[in-house]
Amino acid sequence: MTTGSPGPLSLDIVWGDEPIRVTNIPPRLPADSTDSHAAGVTAAGRANPSTWLPDTAWGATARATTGAAALAVQLSPTPEEPSGLLMVENVEGATLRSAVTRVLLNELYPGPQPRTGTKVSEVPDPQVQGVTHEGRPGATVQYRYENLAHLRNHVWQTIHATLSINSYASSILTRSVTRNLITHPAEITFEDGTESIHLLVVRDGITRLASAWAVLAGHGADPTEVAYLATDALLGKATGAGTSAEPGLGQRLASGRAQWRQELRQEFHDEMAGAAPGLRAAQIAQTYIVPAQIAVGIEGHEGRALSAEDIFDDAVRSVLASVHVEFMPWDEAAKNVEVITRALKRIIQQDDPRWNTAELQAVYGLAVGRIPVADLPRTFGGATPPPGTALWRAVYLVNALTRPDLLESLKDQAKAIKGGQRMGMKGFGELLGPVIDLPWRARKKLVTKQARNAWNNGGVLVKGITEDWTPRPTDDFTELIAPAMDGDADARHTLAVAGGVALIADKLLTRNVGSSLGPTREKGGVPFRSDVHKVVEGLSQPTNELGLWTLASAANTFRGEALPQNSVPRQSLTGKEPAPSDERPYVYFKVDLGAPDRIARDADGVPVPLYEWDVVAASEPERAAQAAPAVRPPAPAPSSPGDPASTSTSPGDASVPTGPVAGLFSHSTEDAPPPAPVPAPRADDAPVPPSQRAAAHRRALHLGVQGARDALDHLHSLEPEVGDHTPTVPVDQLDELHKLLVGILTDVENLRRRTVETHGSAEDTPEPEESQEQEDQEEPQATILG
């Protein structure tokens, strides 16, 4: 009797405290593809008239799959099936062809996604460029990173951020990944001259991909550990440097990944050779390979609006959008960015004679972050180039995207993409919000939700904004007040957009609701209800000098690298004074037209902070007076070092300006210097991103608290042995320790509550392998422990 190969096993293991039955454990892991396999796939791909990829991309695809021979069969054309056995999807404007196969986990790189593009992230997405061949689109794209460290940090950030939101680890350990990941080949290029590489990127299924890495890392591994495991397995320790005698970067990376798999296969073999395979065998078996749908062919339809280089990426994004609108929705901000950028790209491809295509490309590059803020003066030069700041980027984007004919075309394309019938200015403002806040999104994340709500309520889209007007570049916005009052529409709209964006971004102008009428001025109250765009419109009226000064002062005060004291006041819960800072305080002051420097001061001569009440009241002073005729004067701000309320008002004191308002509200550098780097497991030429520095600080915090606990236990055990001549710990030291510990406990509790509010209140419990994330970021509330 012939004995066949042993069949799959089922194991009963314990994952943390949870007993799990793991099914279909194979007796051995698949071997890597060989060079002959790669040659067969490349030949089949070349022979298929419906596909085109560079040979290096075919090689990366073959190397990644465990069934290269089956992949070659799918690609091979026949008389009955000229396009082979590929999966066919018809999307808007194109036909997409894909191969369905199984892929090695550590051959898949997480690609950028629209939902992550709207998030607060310190590592920017790469620039994306389509690839063509003889005028035809190819089923691949080019991702352009700054350097290899940028790629590494982007991979780390994507895995870490995904697992911080959701994980399917238990489900995947039980039955592996069961739904296909949507992938395609990509060429990775680097701005620093590092040679390019080809690999497979995942466009949908990032949560499944990250969860598989979490299973491999083991129960209890936090997202930081999982992200480092995945990054090392994908990129190893290779650098962009090398000599002519060394293999290329792509070959070094591929060899490193193959070596990692060999070690994993050996570990699995040793586990399976034992009497009773256990948890580790299950972890490896269920994550070693994953099912994937690899896009390898694209064909544009006749009459398409897009150019050949944009067809493939638009088709993939269309597939993802259909999945995440109908099945696993993105948050509104991600949808809005996807809609407006795709709508703008479609208009560019129409080659309408009304617009300059090169100028529209510049607007698109500025909107998606492809053109950095520092290049704004060069991109929008003219006779008077604008300052290279984030606020001026917002002014020029609003101006460009609201030009009459372009605005209507944008709205038409957006409606076609969204499937809607109508779109007003508030709906268009909703699309603009997450595009405008791109440069300062990370630094102002505590108020991002309120700012986007304000854009949903009309933002700075005031009456007349869709007429022809030209921004008026200046280093001092107060210079535009006099022209605006004389009827200069360019000056007036520049003030409305710049000042309105600043007030919205720093939560000094929000979508006020009925509950806003009750609180006091200092507690976020307003004198009357009004839409955001109506407030900005009232402030920018030529007859409203107070409103124009409020807008100009706000625009001059705005900083893109921090939050002002007005929007997020730092209240001391433990009585500990903050360390003094040499940096100029970031605070908005209320305008007083009767003061020489236009700064309102209280009876003691202390500058009065600006509140939303003052902004709304300045938009319609007469209405505000009728709504609240007896508003009590504002109380001075709490004194603290670095706070304007604690500084001297003498003429020689630089903390409180005494000169012209332009000097007080002068622009600061938009890019603040990064904090001192914290030692991390990786040392690259590029600065370590904040998320990785935060991981090091978390470990330090945990070790520090645990060390304190151990020290306290030792003190308790020594207390009976310590003589009466001295206490175990002196009372004054106990008092100091008590205050310090209460402060730490309070901060930990506040951080815990904010984290729970942000990520822990998903409306629905996701089914296994369905992505779900909590987008809303509530305003943090201070909690004082009893």
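Above this note sits the structure.
Everything numeric in this text was worked out from a predicted model, so none of it was measured.

Caption draft 1: Representation of helix α2 (residues 55-64) within the structure. When you tally the buried positions in α2, you get seven out of ten residues, the bulk of the element. Considered for burial, the residues of α2 that qualify are A57, W58, G59, A60, T61, A62 and A64. For α2, the elements touching its buried residues are α1 (35-47), α3 (68-75), β4 (94-104), β8 (181-190), β9 (197-204) and β10 (289-300).

Caption draft 2: Focus on the packing of aromatic side chains. Tallied over the full model, the rule gives seven aromatic pairs. Arranged with centres 6.2 Å apart and planes meeting at 55 degrees, the rings of W392 and Y396 form a pair that is tilted. Of this pair, W392 and Y396 both sit in helix α15 (residues 390-401), four residues apart, roughly one helical turn. As far as burial versus exposure is concerned, W392 and Y396 are alike and both buried. Arranged with centres 5.1 Å apart and planes meeting at 75 degrees, the rings of W440 and F558 form a pair that is edge-to-face. Placement of W440 in the loop between α17 (425-436) and α18 (448-456) and of F558 in the loop between α22 (545-557) and α23 (612-619) is noted, with a sequence separation of 118 residues between them. Each member of the aromatic cluster is reached from another via a ring pair, and the members are F380, W392, Y396 and F477.

Caption draft 3: The arrangement of the side chain of Q413 in detail. Positionally, Q413 belongs in helix α16 (residues 404-418). When near neighbours in sequence (up to four residues on either side) are disregarded, Q413 contacts A343, R346, I347 and Q350.

Caption draft 4: Region of the structure containing the pattern of salt bridges. Under the counting rule described, the total for this entry stands at 28 salt bridges. Taking the shortest distance from any N to any O, the salt bridge between R63 and E107 comes out at 3.7 Å. Placement of the pair is R63 in helix α2 and E107 in the loop between β4 and β5 (108-110), with a sequence separation of 44 residues. Residue R63 is classed as partly exposed on the basis of its relative accessible area, which comes to 26%. Here R753 and E749 are joined by a salt bridge, their closest N and O atoms 2.6 Å apart. Of this pair, R753 and E749 both sit in helix α27 (residues 731-759), four residues apart, which is roughly one turn of that helix. On the basis of relative accessible area, R753 is assigned to the partly exposed category, the value being 39%. Judged by its relative accessible area of 15%, E749 falls in the buried class. Each of D32, R63, E107, R257, R261 and R265 takes part in a single network of salt bridges with overlapping partners.

Caption draft 5: Geometry of the environment of D270. By the element assignment, D270 lies in helix α9 (residues 249-273). D270 sits in the partly exposed class, given a relative accessible area of 47%. The spatial distance from the C-alpha of D270 to the C-alpha of A281 is 8.9 Å, given a sequence separation of eleven residues.

Cut-offs applied
- Residues numbered from 1 in each chain as written.
- Predicted model: local features only at pLDDT ≥ 70, side-chain atom pairs only at ≥ 80, totals over all residues.
- Heavy atoms only, no water.
- Buried < 20%, exposed > 50% of the residue type's maximum accessible area, 1.4 Å probe, protein only.
- Helix = DSSP H or I, 4+ residues; strand = E, 2+ residues; numbered from the N terminus.
- Contact = heavy atoms within 4.5 Å.
- Phe/Tyr/Trp six-rings, centres within 6.5 Å; stacked < 30°, edge-to-face > 60°.
- Salt bridge = Lys/Arg side-chain N within 4 Å of Asp/Glu carboxyl O.

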